[in-house]
Amino acid sequence: MNDQTKAEWHGAQLDFKESMSYGDYLGLDQILSAQHPLSPNHNEMLFIIQHQTSELWIKLMLHEMQAVRQNLREGNLAPAFKMLARVARIMDQLVHAWDVLATMTPPEYTAIRPYLGASSGFQSFQYRQLEFILGNKNPNLLAVHEKSPEAHAILDRELHAPSVYDEAVMLLARSGFAIAPERLAADWTRPTQLDESVKAAWLGVYQDTEHHWALYELAEKLVDLETAFRFWRFRHVSTVERIIGFKQGTGGTSGASYLRKMLDVVLFPELFALRTAL
Ligand code: HEM
């Protein structure tokens, strides 16, 4: 047996007939066989993988955000900070991922457009769950998921649950800040609205950071996350304009004009409003 055929290479295990390999552990057979271009066009693979990898990262963000919410509820701020920092970095990475998709030109997209039917990121169940957990609730959008009872049930539960930001507001109240009772018993199915008592509380935190360091750190972590999300929204609409101009979206909205309106969404209104008062 020469060096090329030995069942050994620099000490690495080469025989996985009896043990778990990298691909087994990661389920790569399933993941790597989930790309099914419908058009004959070369560029559809980019389109598919860009969406699939985004969905995987969204899955991780949801995993982290659910744990952040639980930790805030239990007053465990240190692990929540670590997770919030991770989610903001994931979002940053997704912001940069648009550079890859931007290599797709209008004629390349036009070649695959007829094969996409009415499918659109607008129907991303995980993305909607992420918006909901961040407080951007919209009951109307549940209808999209009626076809999948499991996804619908998860979204419905998320719609009715306090968001991560609602938990932060409850933490402010437990820390001694006077939060309006209506805010603490809000209708969780509605998107976050600016509340003067919450704004005053955060202002108190920023005006005395020494005494409220943990809440101050929480606020800044949330601002980091929202800022990264805003960049994602901006890169999405810019990439869409670059590729399809102002054509209608496959999901049926006005396209870039709809996405531009989404740039006005403010997830944590008081954290931005208080800055004018400082
Ligand atoms: C050529 C690439 C893309 C185009 C032309 C495009 C276009 C659009 C358009 C026009 C909409 C508005 C809804 C509609 O009418 O369809 C939309 C929504 C959306 N897209 Fe994309 N998109 C692209 C890539 C992506 C990628 C890579 C993702 C990553 C997951 C994504 C995620 C979303 C999400 C989550 C929404 C819903 C946004 C909301 O409701 O606020 N899109 N897209």
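Our subject is the structure listed above.
Owing to the predicted nature of the structure, the values given are computational and were not obtained by experimental measurement. Throughout this description, residue numbers start from 1 for each chain and increase along the sequence as written. Two thresholds apply to this predicted model, a pLDDT of at least 70 for residue-level local features and 80 or more for giving and counting side-chain atom pairs, whereas whole-chain, interface and lining totals are computed over all residues. Calculation of side-chain values draws on the structure's entire complement of heavy atoms; hydrogens and water are dropped beforehand.

**Description of the overall build of the chain**
Now for step 1: Think of it this way: any DSSP run of H or I at least four residues long counts as a helix, any run of E at least two long counts as a strand, and we number them from the N terminus. Helix and strand counts for the chain come out as 13 helices and 0 strands.
Now for step 2: Each helix (α) and strand (β) of the chain, taken in turn from the N terminus, gives the series α-α-α-α-α-α-α-α-α-α-α-α-α.
Now for step 3: Referenced to the eigenvectors of the C-alpha coordinate spread, the extents of the chain come out at roughly 75 × 55 × 35 Å.
Now for step 4: Any residue under 20% of the maximum accessible area for its type is buried, any over 50% is exposed, and the rest in between are partly exposed; the area is computed with a 1.4 Å probe on protein chains only. Burial status across the chain gives 41% buried among its 278 residues.
Now for step 5: Partitioning the intrachain contacts of the chain with sequence separation of at least 6 by distance along the chain shows that 69% fall at a separation of at least 24.
Now for step 6: Each accessible area is a Shrake-Rupley result for a 1.4 Å probe, and residues are judged covered by the shown protein chains and nothing else. When the accessible surface of the chain is summed, it comes to about 15400 Å², and 58% of that surface belongs to carbon and sulfur atoms.
Now for step 7: When the 26 basic and 33 acidic side-chain charges of the chain are each reduced to a single mean position, those positions are 4 Å apart. Contacts between residues were defined by any pair of non-hydrogen atoms, one from each residue, lying within 4.5 Å. When charges are counted, neither His nor the chain ends are considered; positive counts come from Lys and Arg and negative counts from Asp and Glu. One atom stands in for each charge, and that atom is NZ of Lys, CZ of Arg, CG of Asp or CD of Glu.

**Some points on empty space enclosed by the protein**
Now for step 1: Cavity: a set of points on a 1 Å grid over the protein atoms alone where a 1.4 Å probe fits but cannot get out. Pocket: an open set with protein on both sides within 12 Å along at least five of seven lines, its lining residues, like those of a cavity, having an atom within 4 Å of a point. Grid points are joined across faces, edges and corners, and a volume is the space filled by probe spheres set on the points. Scanning the model with the defined rule gives 1 cavity of 30 Å³ or more in all.
Now for step 2: Size it by volume and the largest cavity reaches roughly 40 Å³.
Now for step 3: What lines the largest cavity is simply Ser-54, Ile-58, Met-61, Met-91, Leu-94, Tyr-127, Leu-130 and Trp-232.
Now for step 4: In terms of residue count, helix H3 (residues 44-74) provides more of the lining of the largest cavity than any other element does, 3 residues in total.
Now for step 5: Under the grouping applied here, Gly and all other residues not named as nonpolar or charged are polar, the nonpolar ones being Ala, Val, Leu, Ile, Met, Phe, Trp, Tyr, Cys and Pro and the charged ones Asp, Glu, Lys and Arg. Its residues placed into classes, the lining of the largest cavity shows 7 nonpolar, 1 polar and no charged.

**What to know about the pattern of salt bridges**
Now for step 1: Whenever Lys or Arg places a side-chain nitrogen within 4 Å of a carboxyl oxygen from Asp or Glu, that contact is recorded as a salt bridge. Counted according to the given criterion, the structure contains 12 salt bridges.
Now for step 2: We note a salt bridge from Asp-166 to Arg-183, for which the minimum N-O separation is 2.9 Å. Of this pair, Asp-166 sits in helix H8 (residues 164-174) while Arg-183 sits in helix H9 (residues 181-184), and the two are 17 residues apart along the sequence.
Now for step 3: Under the relative-accessibility criterion, Arg-183 is labelled buried at 8%.
Now for step 4: Linking Arg-260 and Glu-241 is a salt bridge whose minimum nitrogen-to-oxygen distance equals 2.7 Å. Within this pair, whereas Arg-260 is found in helix H12 (residues 256-262), its partner Glu-241 is found in helix H11 (residues 213-244), the two being separated by 19 residues in sequence.

**Focus: the nonpolar core**
Most often, soluble globular proteins keep nonpolar side chains buried together rather than apart.
Now for step 1: Buried residues of nine kinds, namely Ala, Val, Leu, Ile, Met, Phe, Trp, Tyr and Cys, make up a nonpolar core once their side-chain atoms join them within 4.5 Å. Core analysis: the biggest nonpolar cluster contains 62 residues, and Met-65, Trp-202 and Leu-271 have the highest contact counts within it.
Now for step 2: At 13 residues, H11 tops the list of elements feeding residues into this core.
Now for step 3: In this structure, Trp-202 is in contact with Tyr-165, Ala-168, Leu-172, Leu-215, Leu-218, Ala-219, Glu-270, Leu-271 and Leu-274, ignoring residues within four places of it in sequence.

**Thoughts on the coordination of the iron atom of the ligand**
Between any two of four tetrahedral donors, the ideal angle at the metal is 109.5 degrees; between two of six octahedral donors, it is 90 or 180 degrees.
Now for step 1: Here a donor is any nitrogen, oxygen or sulfur atom (N, O, S) within 2.8 Å of the metal, with 3.2 Å used for Na, K and Ca; water is not among the atoms considered, so some sites may look incomplete. With respect to protein ligation, the iron atom of the ligand binds only His-236 (NE2), at 2.3 Å.
Now for step 2: The residue His-236 is located in helix H11 in this model.

**With respect to the site of the ligand**
Now for step 1: Around the ligand, the structure places 25 residues, and the nearest of them are Ser-120, Arg-128, His-236, Thr-253 and Tyr-258.
Now for step 2: Pairing of N or O atoms within 3.5 Å defines a polar contact, subject to two protein rules: one partner must be a possible hydrogen donor and the other a possible acceptor, and residues neighboring in sequence count only if both atoms are side-chain atoms. Within the side chain of Arg-128, a nitrogen or oxygen atom sits 2.8 Å from an oxygen atom of the ligand.
Now for step 3: Counting atoms within 2 Å of the grid points, the majority share of the ligand lands in the largest pocket.
Now for step 4: Taken together, the elements giving at least two residues each to the shell around the ligand come down to H3, helix H4 (77-101), helix H6 (125-133), H11 and H12.
Now for step 5: Residue composition of the shell around the ligand, grouped by class: 12 nonpolar, 12 polar and 1 charged. A molecule or strand has a residue near it when one of that residue's heavy atoms lies within 4 Å. For a molecule to be placed in a cavity or pocket, more than half of its atoms must lie within 2 Å of the grid points of that cavity or pocket.

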